[in-house]
Amino acid sequence: MTEAIDGLTAGSLTALILGPLILALVAVALPRRRLIDSAVMLLALLLLALLLPLSRAVLTHGPLVMDLGGHDAPIAIPLYVDSLALGMLWLLTLLALAIHPYASAWLQRSDHPHADDYPALWLVLWTGLNSLVLSGDLFNLYVMLEVTTLGAVSLVMLGQSAGAVSAAARYLFFALVGSVLFLLGTALVYADIGLLYMPMIAVHADASPAIVVALLAITAGVAMKAALFPLHAWLPIAHASAPTPASAVLSAAVATAGVYLLLRLWLGPFAGTWTITTAQGIGVIGAAGILYGSAQALRQQRIKVIVAYSTVAQLGYLLLLVPLAQSPLAWQGAVYHAVTHGLAKAGIFLAAGNLILAIGNDRLENLSGADQFAAKNLLVIGIAGAAVAGLPPTGGFIAKWWLLSAALGQGQWWWVAVIAVGSLLAAAYVFRILQYAMRQPENRAEIDPRVRDQSLPYALLWPPALLAALALGLGFSGELLAPFLQVTDLSPALGGTGR
Amino acid sequence: MSAVYSAMPLWVVLSSLVAAVLILIVGEPYGRTRAAINVVAAVVKLLLVTVMLWGVGQGHDFQFSATLAPGIDFHLHADALTMLLSVLSAILWLVTTIYAIGYLKDSHDRARFFGFFSLCVTATMGVAAAGNLFTFFIFYELLSLSTWPLVVHDGTPKAMRAGAAYLAFTLVGGALLLVGIVVVQLLAGGTGFTPGGFMAATGASKTLLVCVFLLLFAGTAVKAALVPLHVWLPRAMVAPAPVSALLHAVAVVKAGAFGIVRLVYDVFGLELTALLGMNHVVAAAAAVTILYGSMQALKQTDLKAVLAYSTVSQVSYIALGVGIGSPLASIGGLAHLVHQGLMKITLFFCAGNLVHTHGVTKITEMDGAGRRMPWTMSAFTIAALGMIGVPPVAGFLSKWYLGLGGLQHGQSWIVPLLVISTILNAAYFLPLIRRAWFAPVPGNQRDAGVREAPASLLWPTLVAAALALGSGFLGGMPYSPLEWARFIVERVYG
Amino acid sequence: MTPIVFPVTAALLFAIGLYGVLTRARLIQRLLAVNLMASAIFLFLIVTSTGGPHGPDPVPQAMVLTGIVVALSTMAYALVLIRHLRVLTRAETLESIVDD
């Protein structure tokens, strides 16, 4: 496998991790905002450019494994890229490109005292996320989970208020316990199998109790970090207080990366342990998350909390991949859903952030007449919301189509009902926001003429528009991207599933 | 050139999409630019559709296809059935645009209104030109979404509730439709509309086919406002008059009815539908809706509510024609798709003129309206008589062919149904006409004299009325709605 | 002193830590409990590294070394955060504080 790695690929993989890391160190040493901001943008563009040949390499050679540091398997730490990882890398890099300039402008506009510290924090988080996606070593994943946590918690703390710090502390404790559980799982796996090198671990159905405990510990640990239902308690609270750009990162990138990691572990090293019952059980948890998150989102009075619960709901769709894993369409659908949801969700948060700048808070009842002064931001919320709800012609629709086809194709019609009801509920909470915004204010003069789209700097307007456009554009690129999503070899994910 | 010509359905769809995007980008303050874009796009669309109509009449095969994802194609085409809906919506878009520009002269959020109005027409064109169920669904949902901002345009709590009900019904219907379409795709490997249907070839079990048919039928019946899925329609009356006109005459209910026609003719085929016994389900749902809608219309005191329930009733003639399944009944049903559109848009324009010029919304306020607005009320009278089925207005032809078709197929129950329906139509329309022309003008307004609607409202009304009258008078001419319906049906029955 | 003592001690420490995280409201105590859990795992890893056929296994030892560094950093971070929270709210627990 290693011989398929050429110089460009090796360079790209290294750059994805070292690029943000080195820049983070530079940002700490040299806190010159404008310089660092431009450097981050350049880095994001460079990484996007590098992802193109990397995607092509995965398309031609299949999953790539690169052993680091001149060691050989199984001692080496491997970097592992397949279609799932590629989807995440594209998502993260596009998010970096859109969210960073927005965050920078947002902090500047709110006269944030620590605005200069932001780039370093984001870069550390970005390093952690890229490593999480690429790493194929269990212990290395633990370290990267911690890096990610520290970066993400710091972003929540940028909210400064007592509520924000309290939410950050709650998040930190969830994450710390999650890491310890993950570490426990890692230790048990090593004690039982003597391997940390994930591409070589293949646990079978007749696993020892230690492995079962390890699987449970790892699952619980990552679920706490990813805010998976029912371990999601910190997410809505953190979102209520975190600065808007941090919310976008948390929902679109951090939570998605957590679910990605779970799927990677479940359907990689632990693929052999699934029975019909446990696989269906994970699906049921996902379904419960979809319904619970959507129902909560419908009850909230604050936009950011609505969107946060929407994240809890939408992550549930990714868990449906476990019972449907035998269908390649389900894999395509899950990756497509993760990417579209990440882009759309970030777009909604950023547009909501602009609304908050205009009206001062994010309460629904204050939105009346927002279509007068924030029409373009509402359009972004509408389009991105349609993508989240899986309405055509957005990328979310293609994802839902594939997931539905996978469920019906395998005769598991009960997931069809869940997917359909989840989409309808999502449409309901998105339109609930728009409905408040379309209400006519009782007194038209109440609208402050100074707050208008036009008064916001350009850097706050184009990122959400770009994200929504990408989520919409994905609806037209299914044919183009499908080859990259094709899982050619389902056997590692399905070995011994007993179905 | 030939590829560009063959892709005509795409240009037809794009012409209003481009207008929608431009209008939303240009923004609120530039009213003249907006109006210019809108009217130019509507004229361009009408020209394109005319070219396409001529091409289809010559037997040209218009196709546009792009693969959206493996196995699922975005496919537009133009067959005879497509032209029925697209000609209707192209003509009425132009007429309604001019009307709406006048009607909303002092309204708020006009950029949003006209942007989504154009988007709505785009979706209707897409529904008409869709070459497979997948494409049909994309535009069907786009139609639901783009109509919502129009329904809630006033921003009042009542409008908001109506909008919520509208979305709830149409999106749930859309979800059912989507599940049905995915099953069709899995069974048949594709969803392309084929004359005579393609589901028979899948060899699926009868139970499964019935389930799929019911899913698809329920999904389309929501927009077609078949009882009991009609609830959203009367509530959506809260929207401004041009929107009501558009919803009822061309866009939403027609998309639903059109979907039922496609479902029976081009997905399941008449034979399979009859084999599954589903033609009776369609016909029964239509018959119940026809009677229920008329009964409800009798009870209403609000003019627009009368018209709304009248729509519920009248649109079901289309489904009835499909359900009876005989060639003549099909001609009647399909022709009614156009006839009802022309008559209903006239009636809604008139209702809009009444409220815009004199603030009249209730039936009781219509006393003497004919003397104050003679032109408007003449148009109203023509269209209302057409709805009742008085010759030579277009509605008569629809009912005549439906009745003949029922007898031809040995379904004589259709004749009493039509008679009862006609009596009910007369019972709620004739009193309106009587009030308008023969009741005295209320005392407090007696000195007002003749005050007609402004020209931008009156002309579209008169044009629509003339079209309704003309398509009845000239029913025997080539390219008249009736002849075109005959053309379609000849192809369906081979 | 049999080898079973170490894994049992590790399990006990982990259990005590888990109990502490779940029951203690004060953040400092919770943090110590989390740390106890981590230490228990380190102990367990060291135990697994002993007694292989080719002498001690270096991999778990490397893991523990790295783990201690990570635990130290997160601990320091968490302490700063807890102190900051106390300065802001005078709270030592996680009451639901939600901004408007």
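Bear in mind that the values here come from a model prediction, so they are computed numbers and not experimental data. (Residues numbered from 1 in each chain as written. Chains lettered and ligands numbered in written order. Predicted model: local features only at pLDDT ≥ 70, side-chain atom pairs only at ≥ 80, totals over all residues.)

## Side note on the overall build of chain B
Then, number 1: Per the secondary structure count, chain B includes 20 helices and 2 strands.
Then, number 2: For a compact globule of 494 residues, the expected C-alpha radius of gyration is about 23 Å, and chain B comes in at 21 Å, within 12% of that figure.
Then, number 3: For chain B, the spread of C-alpha atoms along the three principal axes comes to 75 × 55 × 45 Å.
Then, number 4: Relative to its 494 residues, chain B shows a buried fraction of 62%.
Then, number 5: Within chain B, residue pairs in contact and separated by at least 24 positions form 80% of the contacts whose partners lie at least 6 positions apart. (Helix = DSSP H or I, 4+ residues; strand = E, 2+ residues; numbered from the N terminus. Rg over C-alpha atoms; globule rule 2.2 N^0.38 Å. Buried ≥ 20, exposed ≤ 12 C-beta atoms within 10 Å, placed from the backbone. Contact = placed C-beta atoms within 7 Å.)

## Considerations on the overall build of chain A
Then, number 1: The secondary structure content of chain A amounts to 20 helices and 2 strands.
Then, number 2: Its C-alpha atoms give chain A a radius of gyration of 22 Å, near enough to 23 Å, the size a compact globule of 499 residues would have.
Then, number 3: Overall, chain A is about 70 × 55 × 40 Å in size when its C-alpha atoms are taken along their principal axes.
Then, number 4: Every one of the 499 residues in chain A was classed for burial, and the buried ones make up 66%.
Then, number 5: For chain A, the proportion of contacts with a sequence separation of at least 24, taken over those separated by at least 6, is 81%.

## Considering the environment of D6(A)
Then, number 1: By the secondary structure assignment, D6(A) is in the segment before α1 (7-29).
Then, number 2: Here the alpha-carbon distance between D6(A) and N140(A), two residues 134 residues apart in the chain, equals 24 Å.

## Some details on unusual backbone geometry
Then, number 1: For the bond from F229(A) to P230(A), the omega torsion is 0°, close enough to zero to count as cis.
Then, number 2: A cis amide bond links V227(B) to the next residue, P228(B), at an omega of 5°.
Then, number 3: Among the secondary structure elements, P228(B) is positioned in the loop between α8 (206-223) and α9 (232-235).
Then, number 4: Not every positive phi belongs to a glycine, and Q160(A) is a case in point at roughly 70°.

## Re the environment of I77(A)
Residue and element names in this part refer to chain A.
Then, number 1: Mapped onto the secondary structure, I77 falls in the loop between β1 (64-67) and β2 (78-81).
Then, number 2: Assessed through the 20 C-beta atoms surrounding it within 10 Å, I77 is described here as buried.
Then, number 3: Other than its neighbours up to four places away in sequence, I77 contacts L68, G69, S135, D137 and N140.

## Structural notes on the interface of chain A and chain C
Then, number 1: With 27 residues of chain A in contact, the opposing surface of chain C contributes 29 residues.
Then, number 2: Elements supplying a minimum of two residues to the side of chain A that touches chain C: α5 (138-157), α6 (162-193) and α8 (234-241) of chain A.
Then, number 3: Per element, the largest residue contribution to the side of chain A that touches chain C is 18 residues, and it comes from α6(A).
Then, number 4: Tallied by class, residues from the side of chain A that touches chain C come to 20 nonpolar, 5 polar and 2 charged. (Nonpolar A, V, L, I, M, F, W, Y, C, P; charged D, E, K, R; others polar.)

## Side note on the interface of chain B and chain A
Then, number 1: Between chain B and chain A, the residue contacts involve 27 residues of the former and 26 residues of the latter.
Then, number 2: Class assignment of the residues belonging to the side of chain B that touches chain A gives a composition of 19 nonpolar, 5 polar and 3 charged.

## A look at the confidence of the model for chain B
Residue and element names in this part refer to chain B.
Then, number 1: Taken residue by residue, chain B gives an average pLDDT of 90. The fraction at 70 or more is 99%.
Then, number 2: The spread of mean pLDDT over the elements of chain B runs between helix α10 (residues 241-250), the lowest at 82, and α8, the highest at 94.
Then, number 3: Quick note on the complex model: pTM equals 0.91, ipTM equals 0.94. (pLDDT = per-residue confidence, 0-100.)

## As for the pairing of β2(A)
Residues and elements named next belong to chain A.
Then, number 1: Burial along β2 is two-sided: P78 and Y80 and L79 and V81, pointing in opposite directions, are all buried.
Then, number 2: The pairing of β1 with β2 spans 4 bridges and is classified as antiparallel. Within β2, the position partnered with M66 by the bridge is L79. (Pairing = 2+ DSSP bridges.)

## With respect to the environment of L469(B)
All names here are of chain B.
Then, number 1: Along the chain, L469 turns up in helix α19 (residues 455-473).
Then, number 2: Judged by local crowding, L469 falls into the buried class, with 21 C-beta atoms found within 10 Å.
Then, number 3: Through-space distance from the C-alpha of L469 to that of I260 is 27 Å; in sequence the pair is 209 residues apart.

## Quick look at helix α18 (residues 458-473) of chain A
Residues and elements named next belong to chain A.
Then, number 1: The end-to-end C-alpha distance of α18 is 22 Å, a good match for the 22 Å that 16 residues give at a rise of 1.5 Å each.
Then, number 2: When we look at burial in α18, the residues that qualify are L460, L461, P463, P464, L467, A468, L470, A471 and L472.
Then, number 3: Each element contacted by the buried residues of α18 is listed here: α3 (83-109), α13 (328-359), α15 (375-388) and α16 (395-409). (Expected span 1.5 Å × (residues − 1).)

## A short note on the confidence of the model for chain A
Then, number 1: On average, residues of chain A score 87 in pLDDT, and 94% of them reach the 70 mark or higher.
Then, number 2: Under a pLDDT of 50 for its full length, residues 491-499 of chain A has, in the predicted model, 20 contacts with residues more than four places off or in other chains.

## A look at the arrangement of the chains
Then, number 1: Where 2 pairs of chains are in contact, the pair with the most contacts is made of chains A and C.
Then, number 2: Without any contact between them, chain B and chain C keep their closest C-alpha atoms 26 Å apart.

## Description of the pairing of strand β1 (residues 62-69) of chain B
Residue and element names in this part refer to chain B.
Then, number 1: Pairing analysis gives 7 bridges linking β1 to strand β2 (residues 72-78), with the strands arranged antiparallel. Each bridged residue has a counterpart across the sheet, and for S65 the counterpart in β2 is H75.
Then, number 2: From the end of β1 to the start of β2, which pair antiparallel, there are 2 residues, and G71 there has a positive phi angle of about 85°.

## Describing the packing of helix α4 (residues 80-103) of chain B against helix α5 (residues 110-129) of chain B
Helix-helix packing is characterised by the crossing angle of the two axes and by the distance between the axes.
All names here are of chain B.
Then, number 1: At a minimum axis separation of 8 Å, α4 and α5 run at an interaxial angle of 170°. The angle between α4 and α5 falls in the class roughly antiparallel. Taking contact as the criterion, the partners of T82, L85, S86, S89, W93 and A100 in α4 are, on α5, F117, V121, T124, M125, A128 and A129.
Then, number 2: In terms of residue class, the contact of α4 with α5 is made up of 8 nonpolar, 4 polar and no charged. (Axes fitted to C-alpha atoms, helices over the stretch in contact; angles between N-to-C directions. Parallel < 35°, antiparallel > 145°, perpendicular 65-115°, else oblique.)

## As for the packing of α3(A) against helix α9 (residues 244-267) of chain A
Residues and elements named next belong to chain A.
Then, number 1: The geometry of α3 relative to α9 is characterised by a closest axis approach of 9 Å and an angle of 165° between their N-to-C directions. The pairing of α3 with α9 is recorded here as roughly antiparallel in orientation. Between α3 and α9 the crossing geometry is left-handed. Side by side, α3 and α9 meet where L84, M88, L91, L92, L95, I99, Y102, A103 and W106 of the first sit next to T244, P245, A248, V249, A252, A253, T256, A257, Y260, L263 and R264 of the second.
Then, number 2: Grouping the amino acids of the contact of α3 with α9 by side-chain chemistry returns 17 nonpolar, 2 polar and 1 charged. (Left-handed = near helix turned anticlockwise from the far one by under 90°.)

## Notes on the nonpolar core
Then, number 1: Ranked by size, the top nonpolar core spans 445 residues in total, and within it V156(A), L84(B) and I41(C) carry the most contacts.
Then, number 2: Setting aside its immediate chain neighbours within four residues, V156(A) contacts A164(A), A167(A), A168(A), Y171(A), A238(A), A242(A) and A246(A). (Core = buried A, V, L, I, M, F, W, Y, C linked by C-beta atoms within 7 Å.)

## Re helix α18 (residues 414-438) of chain B
Residues and elements named next belong to chain B.
Then, number 1: In this model, α18 (25 residues) spans 35 Å end to end at C-alpha, consistent with the 36 Å of a helix rising 1.5 Å per residue.
Then, number 2: F429 marks where α18 bends most, by close to 25°; the proline P431 follows one to four residues later.
Then, number 3: For α18, the set of buried residues is I414, L417, L418, S421, L424, N425, Y428, F429, L432 and A436.
Then, number 4: Against α12 (278-299), α13 (303-324), α15 (369-372), α16 (374-388) and α17 (394-408) lie the buried residues of α18. (Bend = angle between axes of the 7 residues up to and from the residue.)

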